[in-house]
Amino acid sequence: LPAKIKAAGKIVVGVDTSYPPSEFLNADGKTAEGFDIDLFKAVAQKFGVTVDFQTAGFSTIILGVSSGKFDVGVSSFTVNKDREKQVNMVSYYSAGTQWVVAKGNPKKVTPDNACGFNVGVQKGTVQIDDLAARSKKCVAAGKKPISPIVEELQVKVNADVVSGKADAMAADSPVGLYAVKQTNGAVEAVGQSYDAAPYGYVIPKSETDFASAIVDALKSLDASGDYKKVLSTWGVESGAISDFAVNP
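Predicted model only: the values in this text are computed from it and were never measured.

Q: Would you mind showing me how to read the overall build of the protein chain here?
A: When its secondary structure is counted, the protein chain shows nine helices and 11 strands. Projecting the C-alpha coordinates of the protein chain onto the three principal axes gives extents of approximately 60 × 35 × 30 Å. When each of the 248 residues of the protein chain is scored for burial, the buried share is 49%. Contacts in the protein chain between residues far apart in sequence, at least 24 positions, make up 75% of those at least 6 positions apart. Taken as a whole, the protein chain presents about 11,000 Å² of accessible surface, with 52% of it coming from carbon and sulfur. The centroid of the 26 positive side-chain charges in the protein chain is displaced by 4 Å from the centroid of its 27 negative side-chain charges.

In structure tokens:
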């Protein structure tokens, strides 16, 4: 453990608590819960320390880790080369992109038939780039571009689809599928999830030993069955991995 964490007896974690079932606030409006929360608590227990989850805007967390405001970022961060240039990332789960539409898909939107439609997406996510690339193809084919409706919070993106403000939304697969479950049939998944990639914990670039120790903690949780138990509790076990790594 880094000396700062050892002295404090806790890991300060930046988390965007608007992303169910990964991380969100429970009914009291203060306590973070979700599969990311439960899993990282189990990781911290391996080190004998507690976790202080602090709510932050998704797009601010990596900077917060780099500046020392947070010890770790735990917020469904898809591992990619741009992020690995800034921080160390420890892979712990695999998720793709899932599209969600209003029940019955009245506009007949699909990931490959989205030209001219309003598509909801959370600020700072990998789906922003996905929509931009798809929109570019629309324009090249002489069709109308995709109009992204970008929200700060994922729960607002979900609400935009329910209200009809957005014709569809693109989100990480566990998040999209959980939204379907939580809206009692108001929305439904469309098409298969695609572009599966690992989620990674965000660790400062200087803390490579700490990142490696987190890999060991995950391996231990996997061996004991506790890793799968956490995922099963939240119905997201389909994204389980076993090849935990630093900067995969």
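Q: Before we go on, may I ask you to explain the side chain of Arg83 in this structure?
A: Tracing the backbone shows Arg83 in helix H4 (residues 81-86). The buried charged residue Arg83 lacks any salt bridge partner; its closest oppositely charged side chain belongs to Asp172, at an N-O distance of 7.5 Å. Within the structure, Arg83 has its side chain in polar contact with the backbone oxygen of Gly124 (distance 3.2 Å). Contacts of Arg83, omitting those with residues within four sequence positions, involve Phe58, Ile62, Phe77, Thr78, Met89, Gly124 and Val126.

Q: For this particular structure, what's the right way to read the state of the cysteines?
A: Taken as a whole, this structure holds one disulfide when the rule is applied. One disulfide bridge connects Cys115 with Cys138, the sulfur atoms lying 2.1 Å from each other. Disulfide Cys115 to Cys138: torsion about the S-S bond roughly -85 degrees, handedness left-handed. Residue Cys115 is located in the loop between strand S7 (88-102) and strand S8 (118-122), and its partner Cys138 is located in helix H5 (residues 126-140); the two are separated by 23 residues in the primary sequence.

Q: What is the right way to look at helix H6 (residues 154-163) in this model?
A: Quick reminder: α-helices carry 3.6 residues per turn. Residues three or four places apart thus point the same way. Within H6, burial applies to Gln154, Val157, Asn158, Asp160 and Val161. Seen from one end, H6 has its buried residues packed into an arc of 155 degrees, which puts them on one side.

Q: Help me understand the sheet that holds strand S2 (residues 18-19) in this model?
A: Paired through their backbone hydrogen bonds, the strands of a sheet run either parallel or antiparallel. Spatial strand order, S2-S3-S4: three strands in an open sheet with antiparallel pairing. Both outer strands of the open sheet, S2 and strand S4 (32-33), are each paired with one neighbouring strand and no more. In this sheet, S4 lies alongside strand S3 (residues 23-25) in antiparallel orientation, the contact comprising two bridges. Across the sheet, Leu25 pairs through a bridge with Ala32, a residue of S4.

Q: How should the environment of Ala245 be read in this particular structure?
A: Here Ala245 is to be found in the segment after helix H9 (226-233). As for Ala245 and Gly200, which are separated by 45 residues in sequence, their C-alpha atoms are 9.1 Å apart. Apart from residues no more than four positions distant in its own chain, Ala245 is found in contact with Met89, Val90, Ser91 and Val215.

Q: Would you mind showing me how to read the environment of Val51 here?
A: Relative to the elements of secondary structure, Val51 occurs in strand S5 (residues 50-55). Each C-alpha atom of the pair Val51 and Gln122 lies 26 Å from the other, and the pair is 71 residues apart in sequence. Not counting residues within four places of it along the chain, the set of residues in contact with Val51 comprises Ile11, Val13, Phe40, Lys41 and Ala44.

Q: Looking at this structure, I do not really get the packing of aromatic side chains. What am I missing?
A: Any aromatic ring pair is given by two values, namely how distant the centres are and how the planes are angled relative to each other. A complete count under the given rule lists 10 aromatic pairs for this structure. Pairing Phe24 with Tyr178 gives two aromatic rings, centres 6.3 Å apart and planes at 45 degrees, and the pair type is tilted. Placement of Phe24 in strand S3 and of Tyr178 in helix H7 (residues 173-182) is noted, with a sequence separation of 154 residues between them. Like Phe24, the residue Tyr178 is buried in the burial classification.

Q: What exactly am I supposed to notice about the nonpolar core here?
A: Soluble globular proteins: nonpolar side chains tend toward being buried together. Grouped together as the largest cluster of nonpolar side chains are 42 residues, with contacts concentrated most on Ile11, Val72, Tyr93, Tyr201 and Leu218. Listing elements by their share of this core, those giving two or more residues are strand S1 (10-15), helix H2 (35-47), S7, H7, strand S11 (187-203), helix H8 (208-224) and H9. In contact with Leu218, not counting residues within four places along its chain, are Leu39, Val43, Val90, Ser91, Tyr92, Tyr201 and Phe244.

Q: Help me understand H8, please; the structure alone is not making it clear to me.
A: Over its 17 residues, H8 extends 25 Å from the first C-alpha to the last, a length consistent with the 24 Å expected when each residue adds 1.5 Å. The positive-phi residue at the C-terminal boundary of H8 is Gly225, with phi of around 90 degrees.

Q: In this structure, what is going on with the pattern of salt bridges? I would like to understand it.
A: Any two side chains of opposite charge can pair, on the condition that their charged atoms come close. Under the counting rule described, the total for this entry stands at 12 salt bridges. In this structure, Asp82 and Lys85 form a salt bridge, with 3.9 Å as the shortest nitrogen-oxygen distance. Placement of both Asp82 and Lys85 in helix H4 is noted, with a separation of three residues, approximately one turn of the helix. Residue classification places Asp82 among the exposed residues on the basis of a relative accessible area of 51%. Between Arg134 and Asp130 there is a salt bridge, with the nearest N and O atoms lying 3.1 Å from each other. Taken together, the residues Arg134 and Asp130, both in helix H5 and four residues apart, mark about one turn of the helix. With relative accessibility at 18%, the residue Arg134 sits in the buried group. In the salt-bridge network here, residues are joined through shared partners; they are Glu151, Lys156, Asp160 and Lys165.

What counts and what doesn't
- Starting from 1, residues in each chain are numbered consecutively following that chain's sequence as written.
- Local features are withheld for residues below a pLDDT of 70 in this predicted model, meaning they are given only at 70 or higher, and side-chain atom pairs are given and counted only at 80 or more; totals for whole chains, interfaces and linings count all residues.
- Hydrogens and water molecules were not included; the side-chain quantities draw on all heavy atoms of the structure.
- We count a stretch as a helix when DSSP gives it H or I for four or more residues in a row; a strand needs E for two or more, and each element gets its number in order from the N terminus.
- Using a 1.4 Å probe on the protein chains alone, a residue whose accessible area is under 20% of its type maximum counts as buried, one over 50% counts as exposed, and one in between counts as partly exposed.
- Here, two residues are considered to be in contact whenever any of their heavy atoms come within 4.5 Å of each other.
- Areas reported as accessible are Shrake-Rupley estimates using a 1.4 Å probe. Residue values count occlusion only from the protein chains shown.
- Only four residue types enter the charge count: Lys and Arg as positive, Asp and Glu as negative, with His and the chain ends excluded.
- By convention, charge coordinates are those of NZ in Lys, CZ in Arg, CG in Asp, or CD in Glu.
- Think of a salt bridge as a Lys or Arg side-chain nitrogen and an Asp or Glu carboxyl oxygen that are within 4 Å of each other.
- Whenever two N or O atoms come within 3.5 Å, that pair is a polar contact, provided that in protein one can donate a hydrogen and the other can accept it, and provided that, for residues adjacent in sequence, both atoms are side-chain atoms.
- Note that a disulfide, as used here, is simply two cysteine sulfur atoms within 2.5 Å.
- Arc definition: directions from the helix axis to the C-beta atoms.
- Strand pairing is assigned whenever DSSP identifies at least 2 bridges connecting the two strands.
- Any two rings among Phe, Tyr and Trp, with Trp reduced to its six-membered ring, count as a pair given centres within 6.5 Å; such a pair is stacked if its planes are under 30 degrees apart, edge-to-face if over 60, and tilted if neither.
- Put simply, buried Ala, Val, Leu, Ile, Met, Phe, Trp, Tyr and Cys residues joined by side-chain atoms within 4.5 Å make one nonpolar core.
- Multiplying one less than the number of residues by 1.5 Å gives the expected span of a helix.

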